[in-house]
Amino acid sequence: MTETAHTETPQTEIPQTPTPGTDDVRPPLRRSRTDLLLGGVCSGLARHTGIDALLWRVGFAALVLAGGSGVALYLVLWLLMPAAPAGPADRTNVLDEWVERLRARFTRSNADITR
C-alpha cells in the first residue's frame, strides 16, 4: 500500500487592527430626559455602561434595603450628573428643575469663584 503524504500549507493568521475612528465610544454620562422614573440617573448610567436600566434600579433598591446608602448615592448622582440636552418630547418635573438650579449653584465656573 502506498501512503500519500498530505502536504499542508501553513496558514498564518493576520492580526486584525481596528480601523481608526470605528472603535466603540461610550456616550457621555448624562441623566436621561426620556426614560426616567425619578431623575433619569439609572437610564443615564444604562446608556453609558451598556447595562440595562432595570439592573441599575434593582442595584439602587438593594442598596436602600441594605442600609439606606442607595438613597444618598442616587441623590448625589442626580446632583452631579448633567442632564441630557432637552428635546421636544422630553419631560421635566419640578424636582428636576430644583436639582438643576442646585447643580448650577455648586458647579460655578472658576471665573465666578475667583471674583
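Throughout what follows, the structure given in this document is the object of discussion. (Residues numbered from 1 in each chain as written. Predicted model: local features only at pLDDT ≥ 70, side-chain atom pairs only at ≥ 80, totals over all residues. Heavy atoms only, no water.)

**Looking at the overall build of the chain**
- In terms of regular secondary structure, the chain is built from five helices and zero strands.
- Residues counted as buried form 20% of the 115 residues belonging to the chain.
- Once local pairs closer than 6 in sequence are excluded, the contacts in the chain between residues at least 24 apart make up 45%.
- For the chain, the accessible area works out to roughly 9300 Å², and carbon and sulfur atoms hold 60% of it. (Helix = DSSP H or I, 4+ residues; strand = E, 2+ residues; numbered from the N terminus. Buried < 20%, exposed > 50% of the residue type's maximum accessible area, 1.4 Å probe, protein only. Contact = heavy atoms within 4.5 Å. Areas by Shrake-Rupley, 256 points an atom, 1.4 Å probe, with all protein chains shown as cover.)

**Observations regarding the side chain of Arg31**
- Within the fold, Arg31 resides in the segment before α1 (41-49).
- When its relative accessible area of 0% is taken as the criterion, Arg31 is described as buried.
- Ignoring any residue separated from it by four or fewer positions in sequence, one finds Arg31 in contact with Gly39, Gly40, Val41, Gly44, Trp78, Met81, Pro82, Ala83, Ala84, Asp96, Val99 and Glu100.

**Structural notes on the packing of aromatic side chains**
- In total, this model carries two aromatic pairs according to the counting rule given.
- When the ring of Phe60 is compared with that of Tyr74, the centres are 5.4 Å apart and the planes differ by 85°; the resulting orientation is edge-to-face. Note that Phe60 is positioned in helix α2 (residues 53-65) and Tyr74 in helix α3 (residues 69-80), a separation of 14 residues in sequence.
- For Phe60, a relative accessible area of 9% corresponds to the buried category.
- Classification of Tyr74 as buried rests on a relative accessible area of 12%.
- Ring centres of Tyr74 and Trp78 lie 6.1 Å apart, and the angle between their planes is 70°; this geometry places the pair in the edge-to-face category. Taken together, the residues span about one helical turn, with Tyr74 and Trp78 both in helix α3 at a distance of four residues. (Phe/Tyr/Trp six-rings, centres within 6.5 Å; stacked < 30°, edge-to-face > 60°.)

**Here's the deal with the nonpolar core**
- Ranked by size, the top nonpolar core spans eight residues in total: Val41, Cys42, Leu45, Phe60, Tyr74, Trp78, Met81 and Val99.
- Mapped by element, the contributors of at least two residues to this core are α1 and α3.
- A per-element tally of this core places α1 first, with three residues. (Core = buried A, V, L, I, M, F, W, Y, C linked by side-chain atoms within 4.5 Å.)

**Here we look at the pattern of salt bridges**
- Here the structure, examined in full by the defined rule, presents two salt bridges.
- Measuring nitrogen to oxygen at the nearest pair gives 2.2 Å for the salt bridge that ties Arg31 to Glu100. In this pair, Arg31 is assigned in the segment before α1 and Glu100 in helix α4 (residues 94-106), connecting sequence segments 69 residues apart.
- Since its relative accessible area comes to 26%, Glu100 is described here as partly exposed.
- Between Asp35 and Arg57 there is a salt bridge, with the nearest N and O atoms lying 3.8 Å from each other. Linking Asp35 in the segment before α1 with Arg57 in helix α2, this pair joins segments that are 22 residues apart in sequence. (Salt bridge = Lys/Arg side-chain N within 4 Å of Asp/Glu carboxyl O.)

**As for the environment of Arg57**
- Taking the relative accessible area as the measure of exposure, Arg57 reaches 23% and is therefore partly exposed.
- Separated by 13 residues in the primary sequence, Arg57 and Gly70 have C-alpha atoms spaced 9.8 Å apart.
- Dropping the residues within four chain positions of it, Arg57 is found in contact with Asp35, Leu37, Cys42 and Ser43.

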